[in-house]
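Overview (structure and organization)
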2 protein chains.
Amino acid sequence: MVDTVVYGSVAFDSIKTPFGETNKTLGGSGTYASIAASFFSKPGIVSAVGEDFPKEDEEFLKNKGVDLTGLEKKPGKTFHWKGEYGYDINNAKTLDVQFNVLKDFKPELPEEYKKAEYLLLGNNDPGAQLDILNQMDKRPKLVIADTMNHYIENQREKVLEVVKEADICLMNDSEARMLFGTPNLVKAAKEVLKLNSDLAIIKKGEHGAILCTEEKCFVAPAYPLENVIDPTGCGDCFAGAMMGFLAKQGNADEEMMRKAIIYGSTVASFNAEGMGTEKLRDLTIEDINKRFEEFKEIMRF
Amino acid sequence: MVDTVVYGSVAFDSIKTPFGETNKTLGGSGTYASIAASFFSKPGIVSAVGEDFPKEDEEFLKNKGVDLTGLEKKPGKTFHWKGEYGYDINNAKTLDVQFNVLKDFKPELPEEYKKAEYLLLGNNDPGAQLDILNQMDKRPKLVIADTMNHYIENQREKVLEVVKEADICLMNDSEARMLFGTPNLVKAAKEVLKLNSDLAIIKKGEHGAILCTEEKCFVAPAYPLENVIDPTGCGDCFAGAMMGFLAKQGNADEEMMRKAIIYGSTVASFNAEGMGTEKLRDLTIEDINKRFEEFKEIMRF
């Protein structure tokens with residue numbers, strides 16, 4: 001029974017970093033997020049792929065425990081992203097995007113998905129995110145939405161509506177600065193709180209994340225990695241693992257949210273240690289729990 | 001009895017930030033670092049000022065417990081720095097520098113200072129830093145050196161010598177990346193460890209600091225501030241408070257160093273909340289200890 005609906009892309013990625021290269025391997029925000037969630041809960045993915053999508057990738061996702069009822073197979077080709085990371089491995093340069101089957105894709109949620117209590121709206125057109133939310137039978141217990149600079153620049157009002165509708169809207173530091181016109185992340189978080197949220201989370205990439213309520217902040221570092229091979233999908237893994245963990249707990253208060261952020265950072269850190277989804281393939285919940293405990297040691301004073 | 005020798009500038013600063021402006025008010029790396037150290041230990045400052053240096057500033061420093069035996073009064077004017085911070089308040093743009101009495105200044109340590117067990121070499125010409133170290137009667141128990149991009153670009157070998165000679169060389173993330181040619185801070189820290197150090201500390205400004213040994217890392221966030229008014233001197237406060245705290249403890253093992261980093265971040269965070277040295281003036285050790293405890297709460301999960 002699917003408890004966590006993940007709306008996000010399933011893609012072929014061609015990635016080049018200073019440490020490796022992939023050619024049309026499995027990627028996409030929905031892929032990363034649902035694999036990350038699968039370590040904790042039962043995710044179902046909402047997206048479309050083309051006729052070229054291989055049986056092995058489907059099998060891989062199924063074996064991870066990802067439900068594919070919401071993954072439509074359409075005539076045409078799978079979404080393709082090509083990107084490159086330079087010396088400063090934090091920012092990708094997009095070399096090519098071919099939307100293919102995702103162009104004008106209007107997802108329809110399977111009946112089972114409409115009953116799910118947990119909904120993760122991966123970064124996407126804010127109107128499409130709201131449409132998915134509206135398709136749910138009733139308001140889920142927890143809605144987490146991701147956003148990105150492209151939509152903030154071009155559809156600011158609609159993005160603010162998503163921030164209002166979701167329980168938690170994830171954005172990174174530059175997105176938060178852009179959306180709220182302040183360089184100060186605590187101030188930006190306070191602006192999020194004014195938009196009908198009890199909690200605001202701002203991601204800071206290699207510097208971790210902050211969580212603010214009206215009264216206080218939690219500041220989580222990222223796991224200090226000596227070998228960052230490929231950061232593609234780390235933000236999606238962060239969101240997916242957070243959501244999966246919270247779905248498993250059935251509770252998303254501030255205390256649980258602090259743990260969820262550390263679980264998010266943990267799965268994201270493993271993901272960065274390999275090309276594409278490579279490191280997620282053999283990852284176990286034991287590996288994840290071990291690194292979660294290490295966070296206590298690296299933050300102790 | 002001076003236990004902590006602080007080598008750094010005493011200056012007049014003219015600062016403009018989006019939130020305020022000062023005109024020739026007390027500043028300089030030595031000033032900030034020694035005030036920060038004074039909350040914990042007995043610092044003495046090594047620098048020079050001109051005939052224009054006012055009695056009130058001298059009295060202020062003395063009242064804070066800063067020894068001024070090593071502060072030479074020379075014919076001419078006090079060092080003057082003029083800088084401006086823009087919207088992104090993390091980086092200053094230097095508008096004017098007048099070295100005045102610090103031009104060709106060759107400090108001679110007072111006899112009492114030569115016996116001190118703790119030496120903080122503020123960021124300065126690396127040759128001058130080594131000269132101060134050589135003037136000490138015997139190798140101090142702990143030597144912390146600060147550096148900056150200007151010297152890394154122009155005197156890389158000499159800066160590496162300082163890293164080797166000091167117990168801890170403080171650098172910020174961009175300086176570490178420049179010095180060791182890697183964007184990865186854990187890798188850069190490992191390079192520091194190869195240079196005769198047991199511990200490496202890299203400062204990340206608003207993102208905190210990391211401490212690495214061969215075996216593990218400690219990752220400290222900065223205190224999440226909603227109102228950053230003026231970051232001038234924060235790096236010096238970090239170094240000074242760290243050193244003062246370690247001098248007071250008489251122990252600089254990894255456990256103590258973790259606490260010292262949090263104390264450094266604490267004093268730096270107060271400093272950023274006012275223009276120039278404003279916030280340090282009425283700050284008490286009780287305020288500092290209270291915020292130190294708050295760090296436990298903001299890092300708890």
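The text that follows walks through the structure, step by step, so that each part is easy to find. Here the residue index of a chain counts from 1 through its sequence in written order. Note on labels: chains are lettered from A, ligands numbered from 1, in written order. Confidence filtering applies because this is a predicted model: local features only for residues at pLDDT of at least 70, side-chain atom pairs given and counted only at 80 or more, and all residues used for totals across whole chains, interfaces and linings. Values reported for side chains reflect all heavy atoms of the structure, with hydrogen atoms and water molecules removed beforehand.

So, about the state of the cysteines. Residues and elements named next belong to chain A. Any two cysteine sulfur atoms within 2.5 Å of one another count as a disulfide. Following the criterion strictly, the structure yields zero disulfides over all chains and no others. Summary of cysteine pairing: C234 is not part of a disulfide, and the nearest cysteine sulfur, belonging to C237, is at 6.1 Å. Looking at C234, the relative accessible area reads 17%, which means it is buried. When accessible area is computed with a 1.4 Å probe and restricted to protein chains, residues below 20% of their type maximum are described as buried, those above 50% as exposed, and intermediate ones as partly exposed.

Pairing between sheet strands relies on hydrogen bonds along the backbone, with the strands arranged either parallel or antiparallel. All names here are of chain A. The criterion for strand pairing is that DSSP finds at least two bridges linking the strands in question. Going along the chain from the N terminus, every DSSP run of H or I of four or more residues is numbered as a helix, and every run of E of two or more is numbered as a strand. Judged by pairing direction, the sheet is mixed, and its nine strands sit side by side in the order 6-5-1-9-10-11-12-13-14 without closing on themselves. Looking along the sheet, the strands with just one partner apiece sit at the ends: strand 6 (71–73) and strand 14 (217–220). The sheet shows a mean angle of 20 degrees between the axes of neighbouring strands, direction not considered. As paired strands, strand 5 (residues 43–49) and strand 6 are joined by three bridges and run parallel to one another. Within strand 6, the residue paired with A48 across the bridge is E72. Where helices are involved, their axes are fitted lines through C-alpha atoms of the stretch in contact, as for all axes, and angles between N-to-C directions lie from 0 to 180°.

This paragraph deals with the sheet that holds strand 6 (residues 71–73) of chain B. All names here are of chain B. Read across the sheet, nine strands follow the order 6-5-1-9-10-11-12-13-14 without closing on themselves; strand pairing throughout is mixed. The open sheet has two free edges, formed respectively by strand 6 and strand 14 (217–220), since each of these has just one partner strand. Averaged over all adjacent pairs, the angle separating strand axes in this sheet is 20 degrees, with direction ignored. Sheet analysis places strand 11 (residues 168–172) next to strand 12 (residues 200–203), joined by two bridges and oriented parallel. Its bridge partner being in strand 12, M171 is matched across the sheet by I202.

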